[in-house]
Amino acid sequence: MTKTNSKKDKDKGQDPLLARPYKVSHQTLCITGVNFKHRAIIGYVELTIIPQKSTLSRVKLNSKQCRIYRVTVNGAEAAFDYSDPTLEVCQGDTRQRNLDYFSTCHVSAVGSVDSDMGNGELNIHVPHEVYTNVSDGRPLQVSIEFSLEKPKGGLQFVVPDMEGTMAERGAHVFSYGLENSSRLWFPCVDSYSELCTWKLEFTVDAAMTAVSCGDLVDTVFTADSKKKTFHYVLSIPTSAPNIAVAIGPFEILVDPHMHEVTYFCLPHLMPLLKHTADSIHRILEFYEELLSWRYPYTCYKAVFVDQSYENSGSFASLTIFNTNLLHTPRIIDQTPYTRRVIAYAVAQQFFGCYVCMHSWSDVWVGKGIAGYLLGQYIKKFFGKNEYRYWIHSEQQKLVHYETEKELVVLHSKDTSARGRYFHTRHPHTTSWIHSKMAAKKSHLITRLVEQKIGFESLLQVFNKLLSLATSAASQKYSPTNWSNMLLSSASFVKLISTVSGKDIHLLLDQWVYQGGVVQFSGSFVFNRKRNLVELELNQKVGEHGIQKYVGPLTVTIQELDGSFNHSVQIEDNTTRHELVCHSKSRRNKKKKIPLVNGEEVDMDLSAMDADSPVLWIRVDPQLTLVRKVEWQQPDFMWQYQLRYERDIIAQHDSIMALEQFPTPASRLALTDILENESCFYRVRMEAAFCLSKVANAMVSSWMGPPAMMSMFKRMFCTQMYTNLIKCNNFSNLQGYFLQKTMPVAMGAVRDAHGRCPKDVLQFILQLIKYNDNGKNKFSDNYYRASLIDALAATVTPSVTMLDTSTDSRTEQALLPETKAVLEDVVRLLNLEKLLPCYQFTITVSCLKAIRTLQKNGHLPSNAALFKSYADPGQYVDVRLVAMEILTDFVHVDQDEEVLGWLLDYVEIDPIPYVRHKLLQLLLKNPPFTPKEDSKLNKESLVERLWTTLNTGLSYDARLRCDLVDLYYTMFGRSRPSCLPPPEFGLLVNLKEKKAAAVLQEDDKTSSGTGETHGVKRKAEADPVPPTTPLLTPSDPTLEVQPQEGSNKMRIKIKLGGGGGKPPEEQAAASPEVQKQQQEQPTTPQVGLPPEIAANKDVSASASKPKWDHKKSSNQPSPHPHQSSSKHHHEQSSSHRQKKKKKHKHKHKHKSKHGSHDDRGHSKPVKSPRP
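All residue numbers here refer to positions counted from 1 along the written sequence of the relevant chain. In keeping with the predicted nature of the model, local features appear solely for residues at pLDDT of at least 70, side-chain atom pairs appear and are counted solely at 80 or more, and the whole-chain, interface and lining totals rest on all residues. The basis for the side-chain values is all heavy atoms of the structure; hydrogens and waters are excluded.

Here we come to the overall build of the chain. When helices and strands are tallied, the chain shows 33 helices and 35 strands. Accessible area is worked out with a 1.4 Å probe on protein chains only. A residue is then buried under 20% of its type maximum, exposed over 50%, and partly exposed in between. For the chain, buried positions account for 56% of its 1170 residues. Contacts were defined at the residue level, with two residues in contact if any of their heavy atoms lie within 4.5 Å. The long-range share in the chain, meaning contacts at least 24 apart out of those at least 6 apart in sequence, stands at 70%. Reported accessibility uses the Shrake-Rupley method at a 1.4 Å probe radius. Residues are deemed covered only where the shown protein chains occlude them. Here the chain displays about 51,200 Å² of accessible surface, and carbon together with sulfur accounts for 51% of that area. Under the DSSP-based scheme used, a helix requires at least four consecutive residues in state H or I and a strand at least two consecutive residues in state E, with every element numbered from the N terminus.

Structural data, given as structure tokens:
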């Protein structure tokens, strides 16, 4: 890892632009062959680099899993080394099983090949012939021939198993990956800070189309017209992570409204593409008008592929979308989601691709601006209420994560783990969930910046960023001037100060440079004599994820004469304020009450205090803080706030509060909201679920029909036959979403015996039976799926729970109500196989309903059905819901066989997205936690997860981080409790007074380096001082075993307790000692060597590190980056005459793909024909 010299560099980290001794000005990527049958590509890259130092002797590039055939520099053959320590994170270790050790090894391995630190997997030796060019600072041409076969990451080959040619089968391939993952499919400088121009060439079959970044300048056919080459040129300086390609038999659509926009989809999906892509040109026009800047690239391409890594991946002038986003005009629910995904992807073209981050610590700026632009799009096209609801939901998710999980620090000046089990200094070591929460916090903080400096000023800042980037990009032959295309926290703050004249350092110190949210709890008392509100606010400082806030806070009081804002100053953990009211109590006077939006309404004031003019109080109504508020006020105030406050966040808070007040007045207020068509549809949906909870709490005093039934009949049933539903008409979208929600809420209603009322169950069954969508222009698949969810909600626990191992209850033994539910679910599930609906939503709901019947004891708990739906070949949503149910099997039944089955798919499933989602499901519902005593907590499970974590996921950083999260969720940071306790063995030679110790296992080292000391050689062993006892009084147990026929004895010490220091403190070392240990060759932790067990003299070879070199041709051996071969050989050179076996250890790990000359340099290997 590169050292920093100054204190400033140590605090801020090294500038990636200064870490590399060269600058890339241009790169050519040429893929000369694509083989779908063998899932392979072959090609070469050419990099034009400008030396920045006259002593440049090595060029370090990034390349993973590629087979390198030949490297030349200015035409001269160049030797090269290859080392990828991430193939095995904990190299040579066999016993460590705690996450602190893994995290330290992980960040060290990733840092050793981090291009921002001047490192890389591929180390090219500059030939002596070109040293003159280096000293003169002239450009160097580095050419690399490579191939890639059966990639485990970076490229996804989708080859359907059917008859016909590859084009007829719809076979296609596309690139993907987390940030800094282009190294997975071609050699490059895989850093956002290294910008260069590009020339891209792809030779494919004549029936295929290659889509990549930049402008398509030419398409050339071969002489036999069987293949063609697509030539792309990207003249705007772009980083390697923003380069992508998609190759397949795509159908092409040019946007009729904006001809520079082109869409690509797989065969037979053109009708869906035309409708889905119809909104993209409007999104582009909206952003151009908002930013007062044209789209930065000359063209834009959107490709829809199957089995994508995520729903959208943004690259320079190219976005790769998931095919599942496509939909027809008949689909309602998918439309808003798809448009949001597309809008965010287009926003990333401006900030993320064109203007990209300077370093990983600055990623929050670009993501924050892109998320802010998405919010402006939602406000424009979906309405202000939808925008505020989205902001509130994003804030709630962030608050929950920071208070329950980990702190989110957007720009950390401290590069340590800060108490976490993972490091955030690099995207490949950061938890995926943490990254998503950081993205949410980024756009929330950008919104706070807008409130600080103003909307217009913030747009001017965005415009200035684009202007500076365009000016820098125009200097095509001056790579050193391209730095204005990189966005950093410092440049963002400086530009804000220049444009607006305001300083936002305090805001950034509060929300960017430290983690945590603000939490208030408060109440008030009205003072009648002084006509003021005595307000008390408390901050819960000291709890996890809660930070102290000092500054202004807005409190809004709705009075009889209007709404009034009060600004209070928060300084201590508990603050008290007196807020003077502007109104007097009216008693019997009737007058319309003005609201905050200027509207005047009539209110029934009989429920409130006659002497108080206060109707309700709100804290921070404009969401000027990232906060959580627990506010206490009487129930009638929540009811007034729900009815008359027009802000949907206030209505949401009221609904959540009324769950604690199950009274007739709360029931009436919720009913009024449900019937109010002018109310926001999401608030009405929440009111429906709240009403079902209030009804359950009022079951003893509830009068009339079950909750919401009469209301639903009045809204959606015929007037003559109230039990007969009307034909579906979803033209009123608010009515459609309410029609979907109310049956599900009704299904949750319970009677005095805790069972669903029969009237509700029969009503839901009738809704399913008489559903008629014949005259509706929209699809009803989501509505029918919600009716199945409503059926599942009616299921209550069986009186006698089944014994899943012995009970074989037949259908006749089921209760009539349960039998009716099961028959409808099975019928709809079988009907779905004949007439599948959009995205198989019916199947998804049916599987959930069957699992609900099993969990409530009505059906035997059998996982066979769900395994069949989780197998490859099913639709991805069906597979995921089946896997979600299987994770519940593991959690509830502690089924070891099902857990092993799921882990098999984590390791071998062909779709990376499914593997990722499966791990997220296991995280959401883990098999067990460290505090639980589970029979699944076994050593075999630990070994399997650790092996997969250490060596099995080296080509997918997202999966590796997901598995780290799962390991932490189940075992915690320390050593798993199921593993045997550590032991310390000591062998004493009484004749020579020499001792040799083997550290068999170390539970946890405070330094995190995992360094262990091997068996000392006899010649090096220190004599034991006679005055120093071998054992201390705190040692708990001791075994002395004399050895027959020799003068040696074995002393065995078991470290299981005692009064001494814990192993963590005994293993602690100063940073200087840790540094010295890292420079020493590490020894893998092993058991007692055979030489010791057999009472033989310990040879020097017993202390040699045993690296596990990979033998696969396309997986070069990992380089032991923390060891020093030179020191290792010097240490053992004096004892080589006494060895019976020669020590073999390579000084350098060369490429496994080529032969070597006598000096260890790689010889060129002839490239095979594609």
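What follows continues from the structure just given.
Okay, the pattern of salt bridges next. One side-chain nitrogen of Lys or Arg within 4 Å of one carboxyl oxygen of Asp or Glu is enough to make a salt bridge. Taken as a whole and assessed by the stated rule, the structure comprises 43 salt bridges. Between Glu630 and Lys628 there is a salt bridge, with its nearest N and O atoms 4.0 Å apart. On the basis of relative accessibility, which here comes to 30%, the residue Glu630 falls in the partly exposed class. Judged by its relative accessible area of 38%, Lys628 falls in the partly exposed class. Residues joined by salt bridges that share partners form a network here, namely Arg20, Lys23, Asp116 and Glu194.

Only buried residues count toward a nonpolar core. Its members are Ala, Val, Leu, Ile, Met, Phe, Trp, Tyr and Cys residues joined through side-chain atoms within 4.5 Å. Among the nonpolar cores identified, the biggest contains 324 residues, and Ile124, Phe186, Tyr287, Phe351, Leu373, Phe462 and Phe492 are the most heavily contacted of them. With residues up to four places along the chain from it excluded, the contact list for Tyr287 reads Ala343, Tyr344, Val346, Ala347, Phe350, Leu373, Leu374 and Tyr377.

One requirement defines pairing of two strands: DSSP has to find at least two bridges between them. Spatial strand order, S3-S7-S6: three strands in an open sheet with antiparallel pairing. The sheet is open, and its two borders are formed by strand S3 (58-61) and strand S6 (80-82), each paired with just one other strand. Here the average twist between neighbouring strands, direction ignored, is 15°. Sheet topology places S6 next to strand S7 (residues 122-125); three bridges connect them, and they run antiparallel. Across the sheet, the residue bridging to Tyr82 is Leu122, located in S7. All axes are obtained by fitting lines to C-alpha atoms, using only the stretch in contact for helices, and the reported angles, taken between N-to-C directions, cover 0 to 180 degrees.

Bringing the pairing of strand S18 (residues 300-305) into the picture now. Regular strands place their side chains on alternate faces of the sheet. With six of six residues buried, S18 lies mostly within the body of the structure. Here S18 shows a buried face lined by Tyr300, Ala302 and Phe304 and a second buried face lined by Lys301, Val303 and Val305. Two strands pair when backbone bridges link them, and strand S17 (residues 261-265) and S18 are joined in this way by four bridges, in the parallel orientation. Its bridge partner lying in S18, Thr262 is registered against Lys301. The pairing of S18 with strand S20 (residues 318-322) spans five bridges and is parallel. From the neighbouring strand, Val305 faces S20, where its bridge partner is Asn322.

This brings us to the packing of aromatic side chains. Ring pairs shown here join Phe, Tyr and Trp side chains whose ring centres sit within 6.5 Å, with only the six-membered ring taken for Trp; geometry is labelled stacked below 30 degrees between planes, edge-to-face above 60, and tilted in between. With the rule as written, the count across this model stands at 42 aromatic pairs. In textbook terms, an aromatic cluster arises when at least three aromatic residues are bridged by ring pairs, as seen for Phe286, Tyr287, Tyr295, Tyr297, Tyr300, Phe350, Tyr354, Tyr377, Phe381 and Phe382. For the cation-ring pair, Lys379 lies above Tyr387, with the distance from its terminal atom to the ring centre recorded as 4.5 Å. Cation placement over rings: the criterion is NZ of Lys or CZ of Arg within 6 Å of the ring centroid and within 35° of the ring normal. Positioned over the ring face of Phe889 is Arg851, at 4.0 Å from the centre of the ring.

Mapped onto the elements of the fold, Lys693 is located in helix H17 (residues 681-697). Accessibility expressed as a relative area gives 46% for Lys693, which makes it partly exposed. Here a polar contact is taken to be a pair of N or O atoms separated by no more than 3.5 Å, where protein atoms must pair a possible hydrogen donor with a possible acceptor and residues adjacent in sequence count only if both atoms sit in side chains. One polar contact links Lys693 to Glu659, side chain to side chain, over a distance of 3.4 Å.

What follows covers the pairing of strand S4 (residues 67-73). Across the seven residues that make up S4, a large majority, five, are buried. Relative to strand S8 (residues 140-149), S4 runs antiparallel, the two being bridged by six bridges. The residue bridging Arg67 from the neighbouring strand is Ser147, located in S8. Where S4 and strand S5 (residues 76-77) come together, two bridges link them in antiparallel fashion. Each residue of the ladder has a partner; that of Thr72, found in S5, is Glu77.

Before going further, it helps to examine the packing of helix H25 (residues 876-893) against helix H26 (residues 896-908). Put simply, H25 and H26 touch, their axes get as near as 9 Å, and they point 140° apart. With respect to the hand of their crossing, H25 and H26 are arranged in left-handed fashion. Here Arg879, Met883, Leu886, Thr887 and Val890 of H25 come into contact with H26, specifically with Val898, Leu899, Trp901, Leu902 and Tyr905. Here the term charged refers only to Asp, Glu, Lys and Arg, the term nonpolar to Ala, Val, Leu, Ile, Met, Phe, Trp, Tyr, Cys and Pro, and the term polar to all other amino acids, Gly among them. In terms of residue class, the contact of H25 with H26 is made up of eight nonpolar, one polar and one charged. The handedness criterion is simple: a crossing whose near helix is rotated anticlockwise from the far helix by less than a right angle is left-handed, and one whose near helix is rotated clockwise is right-handed.

This paragraph deals with unusual backbone geometry. Unlike most non-glycine residues, His268 shows phi in positive territory, near 75°. Of note, the phi angle at Gln839 is positive, near 60°, even though the residue is not glycine. If you trace the backbone, Gln839 turns up in the loop between helix H22 (816-834) and helix H23 (841-855).

Looking at the secondary structure, you find Asp888 in helix H25. Residues in contact with Asp888, not counting those within four places in the same chain, are Arg851, Lys855, Asp893 and Asn925.

Since one α-helical turn is 3.6 residues long, residues separated by three or four positions face the same way. How far a helix is expected to stretch is found by multiplying one less than its residue total by 1.5 Å. With 13 residues, helix H27 (residues 912-924) should reach 18 Å at 1.5 Å per residue; the first-to-last C-alpha distance of 18 Å fits that figure. Summarising burial for H27: 11 of the 13 residues are buried, a large majority. All buried positions along H27 are accounted for by Pro912, Tyr913, Val914, Arg915, His916, Leu918, Leu919, Gln920, Leu921, Leu922 and Leu923. Where the residues of H27 are buried, they touch strand S9 (155-158), helix H10 (432-453), H25, H26 and helix H29 (957-971).

An order of S5-S4-S8-S2-S1-S11-S14-S13 is seen for the eight strands of this open sheet, with the pairing classed as mixed. The sheet terminates laterally at S5 and strand S13 (215-221), the two strands that pair on one side only. Note: strand S1 (residues 22-35) against strand S2 (residues 40-51), 12 bridges, orientation antiparallel. Paired with Asn35 across the strands is Ala40, a residue of S2.

Within the fold, Gly368 resides in helix H8 (residues 363-381). Distance from Gly368 to Thr446, taken between C-alpha atoms, is 5.8 Å for residues 78 residues apart in sequence. Sequence-distant contacts of Gly368, defined by excluding residues within four places in its chain, comprise Ser442, His443 and Thr446.

Our next topic: helix H20 (residues 758-769). Between its first and last C-alpha atoms H20 spans 16 Å; for 12 residues at 1.5 Å apiece the expected length is 16 Å, and the two agree. Three or more residues of H20 are buried, namely Val760, Leu761, Phe763, Ile764, Leu765, Leu767 and Ile768.

It is at 11 Å that the axes of H20 and H22 come closest, and there the two elements cross at 20°. On the basis of the axis angle, H20 is roughly parallel to H22. The interaxial crossing formed by H20 with H22 has left-handed handedness. Contacts between H20 and H22 pair Lys758, Leu761, Leu765 and Ile768 from the former with Glu817, Ala820, Val821, Asp824, Arg827 and Leu828 from the latter. Residues belonging to the contact of H20 with H22 are distributed by class as follows: six nonpolar, no polar and four charged. To sort the angles, those under 35 degrees are grouped as roughly parallel, those over 145 as roughly antiparallel, those from 65 to 115 as roughly perpendicular, and the leftovers as oblique.

Here pLDDT means the predictor's own confidence in every residue, given as a number from 0 to 100. When the pLDDT values of the chain are averaged, the result is 84; 80% of them are 70 or greater. A low-confidence stretch, residues 1-13 (pLDDT under 50), is modelled with 11 contacts involving residues beyond four sequence positions or located in other chains. Confidence over residues 1045-1049 falls short of pLDDT 50; this stretch has 17 contacts with residues more than four positions distant or in other chains.

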